[in-house]
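Given next are the chains, with one letter for each unit.
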Amino acid sequence: MALKFPIFMDAQSTTPCDQRVVDAMLPYFTEKFGHPASRNHPFGWEAEGAIDAARQRIARLIGARDPKELVFTSGGTEAINLALKGAAEMYREKGNHIVTTAIEQRAGLDTCKRLERQGFEVTYVPVGSNGLVDVEDVHKAITDKTILISVMFANNEIGTLQDIAALGKLAREKGVIFHTDATQAVGKVPVNVEAMAIDLLSCTAHLMYGPKGVGALYVRRKGPRVRLQPMIDGGGHERGMRSGTLPVPLIVGFGRAAEICEEVMPEESVRLAKLRDRLQDLILSSVDEAFLNGDPERRLPQNLNISFAYVEGESVLMGLNKETALSSGSACTSATLEPSYVIAALGASTELAHSSIRFSLHRFNTEEEVEFVAKRTIEVIKRLRDMSPLYELAKEGVDLKSIRWKAE
Ligand SMILES: Cc1ncc(COP(=O)(O)O)c(C=O)c1O
């Protein structure tokens, strides 16, 4: 089949909406437009029924016992804000300490920074050079003032999958609430809030082939029952935790997306891992001084993140962007030209943090696309290096650190 350009391989910024999801949503914009809180007529009942069905589908996908444990939000960012701020405020009398990691997405990190300004203490546990947090380090960080542990399930840049079950077990033993930002994991890898002892879990529809603008926070109801201070006051929707009229079409789409993910996950994750491995092999076998970021095993099947020494990530993207959509660093921080804080947290040099490229595959990518993207990436890197005096010096055996760039 002829390739269609540009090829999208930036699916950890957002995924294309599945046509089956769009089809499920459409009637809820037009003939089925009722308000789910209208309790006294069929329009309301129909909308409420659709919300209930979606809740059940999402609950099933994450192994929640009761669909009522899901609180719909506008997306992952809001779910994370509600989890962290809501728990911090609710349990403030118990303690003021939060444990998280250095590689959380901005929604987690910036919320923690705000809580610090409000008097909370936050420990940012570092990760190893493979991007994994050591459970023992989290253990050591817990004090008698710790009320919350928040560790992301899968990293948005390097795809690393943390040992969530071990962290959940630790938090449960210590009587501390455990939140995970699972926006990149839900729908891609098995997630089970019961088996993994997760108390709060954030997810979003647009990273699992659903629409943008809707997400959910799982809030455990039993063993322990978790309570949160709401951030938005109003009509008391969503068990008082998030007021506001529910976006019925978006929630219906979210539910359908969850249903499809559950059905296809076993086959899809194997297929995408194979495509990703092919891409990785093609690139790493042709480009020298290219380094895989993250853990080669414990990562999302669709994620590949490579630093190419002596080239700027942004220049690689510019060389490719007419034909291929990739990303250098997190989509949410790529508006700035700061090096990736995630890659820097692995202990990489600033230069290597500047030269990381994220390839993230999705449901609709093909083998032909992978072959094309690999070929073009290799060409662009070679061209950029041919123009790089640093690369030339390094190839001549000059230790770049020994060079004095100006007369002293
Ligand atoms: C790990 C992670 N957390 C949170 C978010 C924010 O989710 P949303 O875009 O739905 O607000 C993202 C978005 O890409 C993400 O990758």
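Residues numbered from 1 in each chain as written. Predicted model: local features only at pLDDT ≥ 70, side-chain atom pairs only at ≥ 80, totals over all residues. Heavy atoms only, no water.

## Digging into the site of the ligand
Right, so step 1: By nearness alone, 13 residues border the ligand, and Gly-76, Thr-77, Asp-181, Gln-184 and Thr-204 come closest of all.
Right, so step 2: Thr-183 is positioned with one of its side-chain polar atoms (N or O) 3.0 Å from a nitrogen atom of the ligand.
Right, so step 3: At a separation of 2.9 Å, an oxygen atom of the ligand approaches a polar side-chain atom of His-206.
Right, so step 4: A total of 3 residues in the shell around the ligand trace back to one element, the largest contributor, which is helix α3 (residues 76-90).
Right, so step 5: For the shell around the ligand, the residue count by class is 3 nonpolar, 9 polar and 1 charged. (Near = heavy atom within 4 Å. Polar contact = N/O pair within 3.5 Å; in protein donor to acceptor, adjacent residues only side chain to side chain. Helix = DSSP H or I, 4+ residues; strand = E, 2+ residues; numbered from the N terminus. Nonpolar A, V, L, I, M, F, W, Y, C, P; charged D, E, K, R; others polar.)

## A word on the pairing of strand β7 (residues 200-204)
Right, so step 1: Summarising burial for β7: 5 of the 5 residues are buried, a large majority.
Right, so step 2: Burial along β7 is two-sided: Leu-200, Ser-202 and Thr-204 and Leu-201 and Cys-203, pointing in opposite directions, are all buried.
Right, so step 3: For strand β6 (residues 177-181) and β7, the ladder comprises 3 bridges, and the chain directions are parallel. Bridging across to β7, Thr-180 finds its partner in Leu-201.
Right, so step 4: Both β7 and strand β8 (residues 215-219) contribute to a ladder of 5 bridges, which runs antiparallel. The partner of Cys-203 across the bridge, within β8, is Ala-216. (Buried < 20%, exposed > 50% of the residue type's maximum accessible area, 1.4 Å probe, protein only. Pairing = 2+ DSSP bridges.)

## Quick word on the domain arrangement of the chain
Right, so step 1: Entries for the chain in the domain assignment read domain 1 (7-13 + 265-402) and domain 2 (19-260).
Right, so step 2: With centres defined by C-alpha atoms, the gap from domain 1 to domain 2 works out at 30 Å.
Right, so step 3: Across the contact, 30 residues belong to domain 1 and 34 residues belong to domain 2.
Right, so step 4: Of the roughly 2600 Å² buried at the junction of domain 1 and domain 2 (both faces included), carbon and sulfur atoms supply 54%.
Right, so step 5: Ranking the residues of domain 1 by area buried against domain 2 places Met-265, Arg-298 and Tyr-341 at the top, with a combined share of 25%.
Right, so step 6: Counting across the interface, domain 1 meets domain 2 through 0 salt bridges.
Right, so step 7: Where domain 1 packs against domain 2, one counts 13 residue pairs in polar contact (both at pLDDT 80 or more).
Right, so step 8: Sorting the residues of the side of domain 1 that touches domain 2 by element identifies α7 (248-286), β10 (303-308) and α9 (341-345) as the ones contributing at least two each.
Right, so step 9: Per-element tally for the side of domain 1 that touches domain 2: the top contributor is α9, with 4 residues.
Right, so step 10: Partitioned by chemical class, the residues of the side of domain 1 that touches domain 2 number 11 nonpolar, 13 polar and 6 charged. (Domains from an automatic or database assignment. Contact = heavy atoms within 4.5 Å. Buried area = accessible area lost by both parts, 1.4 Å probe. Salt bridge = Lys/Arg side-chain N within 4 Å of Asp/Glu carboxyl O.)

## What about the nonpolar core?
Nonpolar side chains in soluble globular proteins tend to end up buried together.
Right, so step 1: Counting 68 residues, the largest nonpolar core has Ile-62, Phe-72, Ile-149, Phe-153, Val-186, Leu-201 and Phe-254 as its most contacted members.
Right, so step 2: Top element by residues in this core is α7. It accounts for 11 residues.
Right, so step 3: When residues of this core are assigned to domains, at least three fall in each of domain 1 (7-13 + 265-402) and domain 2 (19-260).
Right, so step 4: Each residue touching Leu-201, except ones within four places of it in the same chain, is listed here: Ile-62, His-179, Thr-180, Ala-182, Val-186, Val-191, Val-193, Ala-216, Leu-217 and Tyr-218.
Right, so step 5: Residues Met-9, Leu-279, Val-311 and Ile-381 belong to the second largest nonpolar core, which totals 27 residues. (Core = buried A, V, L, I, M, F, W, Y, C linked by side-chain atoms within 4.5 Å.)

## Observations regarding the sheet that holds strand β4 (residues 121-125)
Right, so step 1: Read from one edge to the other, the open sheet built from 7 strands follows the order β2-β8-β7-β6-β5-β3-β4, with strand pairing classed as mixed. The outermost strands of the open sheet, each flanked by one partner alone, are β2 (70-73) and β4. Each neighbouring strand pair of the sheet contributes to a mean axis angle of 20 degrees, computed without reference to strand direction.
Right, so step 2: Across 4 bridges, β2 lies against β8 in antiparallel orientation. From the neighbouring strand, Thr-73 faces β8, where its bridge partner is Gly-215.
Right, so step 3: Here helix α4 (residues 106-117) sits on the sheet and contacts β3 (97-101) and β4; the angle it forms with β4, its principal contact strand, is near 145 degrees.
Right, so step 4: Helix α6 (residues 164-174) rests against β5 (146-150) and β6 of the sheet, and its axis sits at about 155 degrees to β6. (Axes fitted to C-alpha atoms, helices over the stretch in contact; angles between N-to-C directions.)

## Regarding the packing of aromatic side chains
Right, so step 1: For the structure shown, the criterion picks out 5 aromatic pairs.
Right, so step 2: When the centroid spacing of 6.3 Å and the interplanar angle of 65 degrees are considered together, the rings of Phe-72 and Phe-254 count as edge-to-face. In this pair, Phe-72 sits in strand β2 while Phe-254 sits in helix α7, placing the two residues 182 residues apart along the sequence.
Right, so step 3: On the basis of relative accessible area, Phe-72 is assigned to the buried category, the value being 1%. (Phe/Tyr/Trp six-rings, centres within 6.5 Å; stacked < 30°, edge-to-face > 60°.)

## Topic: the packing of α3 against α4
Right, so step 1: Put simply, α3 and α4 touch, their axes get as near as 9 Å, and they point 30 degrees apart. Considered as vectors, α3 and α4 are oriented roughly parallel to each other. The chirality of how α3 crosses α4 is right-handed. Contacts from Thr-77, Ile-80, Asn-81, Leu-84, Lys-85 and Ala-88 of α3 reach α4 at Ala-107, Gly-108, Thr-111, Cys-112, Arg-114 and Leu-115.
Right, so step 2: When grouped by side-chain class, the residues that make up the contact of α3 with α4 number 6 nonpolar, 4 polar and 2 charged. (Parallel < 35°, antiparallel > 145°, perpendicular 65-115°, else oblique. Left-handed = near helix turned anticlockwise from the far one by under 90°.)

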